[in-house]
Amino acid sequence: MYNPRFEKEAFKKDVTNNIKTLFRKELHEANLQELYQAVSYAVKEAIIDDWIETQKKIDKEDPKIVYYMSMEFLMGRALGNNLINMTAYKEVKEALDELGIDLNMVEDQEPDPALGNGGLGRLAACFLDSLATLGYAAYGCGIRYRYGMFKQKIKDGYQVEKPDNWLKYGNPFELRRPEYAKEIRFGGNIRVEYDDTTGKTLFKQENYESVLAVPYDYPIVGYGNGQVNTLRIWDAEPIVDFQLESFERGDYHKAVEQQNLAKTIVEVLYPNDNHYAGKELRLKQQYFFVSASLQLAVDKYMKSHDDIHKLYEKATFQMNDTHPTVAVAELMRILLDDYQLEWNEAWEITTKACAYTNHTIMAEALEKWPIDLFSRLLPRVYQIIQEIDRRFLIKVREMYPGNEEKVKKMAILRDGQVKMAHLAIVAGYSVNGVARLHTEILKKRELRDFYEMMPEKFNNKTNGITQRRFLMHGNPLLADWVTEKLGTKDWITDLSLMSGLKKYAEDDVARAEFMEIKFKNKERLAKYILEHNGIEVDPRSIFDVQVKRLHEYKRQLLNILHVMYLYNQIKQHPEKSFYPRTFIFGAKASAGYVRAKEIIKLINSVAEVVNNDRSINGKLKVVFIEDYRVSNAEMIFAAADVSEQISTASKEASGTGNMKFMLNGAPTLGTMDGANVEIVEEVGRENAFIFGLSSDEVMNYEKHGGYDPYEIYNNDPDVRRVVDQLVDGTYADGDTERYRDLYNCLLKSTPYDKADMYFILKDFRSYADAQEQVEKAYRNKDGWAKMALLNTACCGKFSSDRTIQEYVDDIWKL
Ligand code: Z15
């Protein structure tokens, strides 16, 4: 892709000029942040031309558009990624070099746009990248949170949350689009009016509060194809006219309220991953961006079409989890109230336009809104849901006469709650899980009644990741090596070509090169760890990495208990040979998740003890990387030897970190959970380290009982020792109470939770055995290199390009 704007001299001039117009400075006076701004504006200029062209093309060709509706887009930094996708990274790097500017340092100035928590939000970002790269017309629809995912500090071993003021210096890539602003209404009451002239019943919302939704557009650059799609995220502003009117009426209170609503609604991302908190403000956020996005999508359609009945031929709305599920009722409202359609007409359009992705079976993540809250906030939408439910239950009773059990289990409105997943399934034309195992569990267990009633809706779409960010940008050394070995760059848009690397597993020279690259990446990470943690780690040690959100089901506790066990072993048998290991953790705990925070503290306490024990000769190091986020993740994946994917089987819907490690040549140490199952299928069981209960075994124990952690505690002295060390003060300066809760949760049942409900003690021994296999395998240099290389070679399936193509073919039919 030739672009004259990236010619060195032209680009240098642009940057110099931008420094002048933005900051009234000469280039040499500019600081790094100013350089970041100037470079980004120069890149934006190049993007804008393609952006305009793409829009024109879409207007002309009138394709079906996918609207990817998501509360989260965990985009990560834009500058480097945009340069890569514009195929201008190397050119620009050289141009800046000539100006004495280091592109990497400039990139480091960009705050991570972190409008997401973890897997779900990052998946949305990878999907946008793939949609643009494959040339499909797509919008991401979301919220422009003023504060994204909090910044994590570790103070005295504890997590401390700091606000993420990511817009402090402004965002060079965004465009405010006030011309597309929409009014969003909350609360009040519905007055029913009969219109004599048309004979229609009108539903008028009165006494409501409202805000103005104002969109900001972000360019999503496809790789090397000139396609630039849009991520459209909504900001909230007070409605000024109304405010004045209120002041005149002396309704000062109301005006202030609306100011406050606008300010609070987009203020901050809820920092929960896989957890439903039931907060009213969260529902406001959901309705806010969903309503604005739908109104605009319908407007856009009607601008160039005259028949609203065929909306679904040109627009499809993918709901990323249940968070945007209010969309189905809101679309019904628009069609019924604004377009005056009959129920059946509106229903046909809605059920042909909306589709739902399920991302979890964790009970605590299911959204069930209290009816009183929901109906107060969204009175008209609630009426519509009542009617959807009423009609649906008639169908259920038709299909299962006399079976009131079914009605109870499947109703949308039940027990004083609005069950959002049920609404999504009833109104969606597609329901998909995110890995084969996950989809099977949905069909056989969690959503079984729905599957039996409407099997045609259910399908699987195994997740994927973008190789542009997680190999090209994160691991340029390996990316260049892959290109050289394959003799083509085509893997950048066709990851299945990676299988062409398999033959190099048998090639001594290639293996050595591969491991040399891994070593360099480990040195890069070691330098980062030294700078950020003050801990010296040896790049020749095994880098064993677990980075992901902190959650009990992900079992960071199992990992750290095993580290405690290894430490005991080394102390007990100092003469035994032990291959040096560095255990690297990175994880944010949701701010209110007490037990998760205890686990972070425990990891840091173990690190403190182990790292400072000179008697073990540096055989064991533990590092907790502060503020794990997309930008440092890229570096961490590139440097990993071992990928820890140790969730309790059946709990991790898919996982996507597992795929990023695999792409970068780190074998999986994991359970047969989520997409691990498919990873093992691709790479071969001999090239992974699998342990633990199967998902069927876990689900059987959950259903029928029969697991007693005390039995293991009493019979396995190694387990007993580490569990006791939680309460003997070893890792708490003599304090026996600090980790009492962790101890209790492993051994004691409560009225709410079973003892060791995530089967940590049950899986401990088989995990320790698998870890021993890892050490043994690593000692065999050739064997390890082969295994690592094969992981990279077999990762083709896990590109989000493949995932998106499947969504297009099976669901969206673009
Ligand atoms: C989240 O990050 C995921 C699921 C959720 O329901 C929520 Cl609320 C947040 C994750 C899954 O835990 C993970 O297994 C999956 O890979 C990811 O979504 C993307 O599908």
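So, how was this worked out
- Residues numbered from 1 in each chain as written.
- Predicted model: local features only at pLDDT ≥ 70, side-chain atom pairs only at ≥ 80, totals over all residues.
- Domains from an automatic or database assignment.
- Contact = placed C-beta atoms within 7 Å.
- Helix = DSSP H or I, 4+ residues; strand = E, 2+ residues; numbered from the N terminus.
- Nonpolar A, V, L, I, M, F, W, Y, C, P; charged D, E, K, R; others polar.
- Pairing = 2+ DSSP bridges.
- Axes fitted to C-alpha atoms, helices over the stretch in contact; angles between N-to-C directions.
- pLDDT = per-residue confidence, 0-100.
- Parallel < 35°, antiparallel > 145°, perpendicular 65-115°, else oblique.
- Left-handed = near helix turned anticlockwise from the far one by under 90°.
- UniProt positions renumbered as here; feature names shortened; annotations may be inferred.
- Buried ≥ 20, exposed ≤ 12 C-beta atoms within 10 Å, placed from the backbone.
- Near = placed C-beta within 6 Å.
- Right-handed = clockwise from strand over helix to strand, strands pointing away.
- Core = buried A, V, L, I, M, F, W, Y, C linked by C-beta atoms within 7 Å.

(A) Up close: the domain arrangement of the chain. Domain annotation for the chain reports domain 1 (62-77 + 112-366) and domain 2 (468-689 + 764-798). For domain 1 versus domain 2, the separation of C-alpha centres amounts to 36 Å. Each partner contributes residues to the interface: domain 1 has 31 residues there, and domain 2 has 28 residues. Of all the elements in the fold, those that place two or more residues in the side of domain 1 that touches domain 2 are α6 (119-133), β3 (151-155) and β4 (158-162). Here the side of domain 1 that touches domain 2 takes 5 residues from α6, the largest share from any one element. By residue class, the composition of the side of domain 1 that touches domain 2 is 10 nonpolar, 13 polar and 8 charged.

(B) Focus on the sheet that holds strand β19 (residues 581-586). Strand order in the open sheet made by the 6 strands is β20-β19-β18-β21-β22-β23, with parallel pairing throughout. Whereas interior strands pair on both sides, the edge strands pair on one side only; in this sheet they are β20 (620-624) and β23 (689-690). The sheet contact formed by strand β18 (residues 542-547) and β19 spans 6 bridges and is parallel. Across the sheet, Phe543 pairs through a bridge with Thr582, a residue of β19.

(C) How the structure looks around the sheet that holds strand β13 (residues 368-370). Spatial strand order, β13-β15-β14: 3 strands in an open sheet with antiparallel pairing. Only two strands of the sheet have a single partner each, and these edge strands are β13 and β14 (413-414). As judged from the 3 bridges shared by β13 and strand β15 (residues 417-419), these two strands associate in the antiparallel manner. What sits directly across from Lys368, in β15, is Lys419. Sitting on the sheet, helix α16 (residues 420-427) touches β13 and β15, and the angle it makes with β15 is about 45°.

(D) Up close: the confidence of the model for the chain. Looking at the chain, pLDDT values average 97 and 99% of them are 70 or higher. Under the prediction, the complex receives an ipTM of 0.98, its pTM being 0.98.

(E) Broad picture of the packing of helix α11 (residues 326-338) against helix α14 (residues 379-399). At a closest axis distance of 9 Å, the pairing of α11 and α14 adopts a crossing angle of 100°. Comparing their axes, α14 and α11 come out roughly perpendicular. Every residue of α14 that contacts α11 at Val326, Ala329, Glu330, Met332 and Arg333 is listed here: Arg380, Val381, Ile384, Ile385 and Ile388. When its residues are assigned to classes, the contact of α11 with α14 shows 7 nonpolar, no polar and 3 charged.

(F) Fine view of the packing of helix α1 (residues 8-23) against helix α2 (residues 32-61). Here α1 crosses α2 at 120°, and the two axes come no closer than 8 Å. With respect to their mutual orientation, α1 and α2 come out oblique. Seen from above, α1 lies across α2 with right-handed handedness. Listed contacts from α2 to Phe11, Asp14, Val15, Asn18, Ile19, Leu22 and Phe23 of α1 are Glu34, Gln37, Ala38, Val39, Tyr41, Ala42 and Glu45. Looking at the contact of α1 with α2 residue by residue, the classes come out as 9 nonpolar, 2 polar and 3 charged.

(G) Structural context of the UniProt feature "modified residue: N6-(pyridoxal phosphate)lysine" (unreviewed entry) in the chain. Here the UniProt feature "modified residue: N6-(pyridoxal phosphate)lysine" (unreviewed entry) sits at Lys660. Summarising the element assignment, Lys660 is placed in helix α25 (residues 657-663). On the neighbour-count criterion, Lys660 (30 C-beta atoms within 10 Å) is buried. Discounting chain neighbours no more than four positions away, the residues touching Lys660 are Ile465, Phe470 and Phe637.

(H) Broad picture of the site of the ligand. With respect to spatial proximity, 19 residues lie near the ligand, and among them Gly119, Leu120, His359, Thr360 and Ser654 are the closest. Of the residues assigned to the shell around the ligand, the class counts are 5 nonpolar, 11 polar and 3 charged. A domain split of the shell around the ligand shows at least three residues from each of domain 1 (62-77 + 112-366) and domain 2 (468-689 + 764-798).

(I) How the structure looks around the pairing of β20. A large share of β20 lies buried, amounting to 5 of its 5 residues. Along β20, one buried face is formed by Leu620, Val622 and Phe624 and the opposite face, lined by Lys621 and Val623, is buried too. Looking at chain direction, β19 and β20 are connected through 5 bridges and run parallel. Within β20, the residue paired with Phe583 across the bridge is Val622. Once the chain exits β19 it traverses helix α23 (residues 594-611) before rejoining the sheet at β20, and the crossover so formed is right-handed.

(J) Local environment of the nonpolar core. If you look at the biggest cluster of nonpolar residues, it comprises 244 residues, and the most contacted ones within it are Tyr67, Tyr68, Leu128, Ala327, Ile385, Ile603 and Val606. Each of domain 1 (62-77 + 112-366) and domain 2 (468-689 + 764-798) contributes no fewer than three residues to this core. The contacts of Leu128, once residues within four sequence positions are left out, are Tyr68, Ala138, Gly140, Ile220, Asn229 and Leu231.

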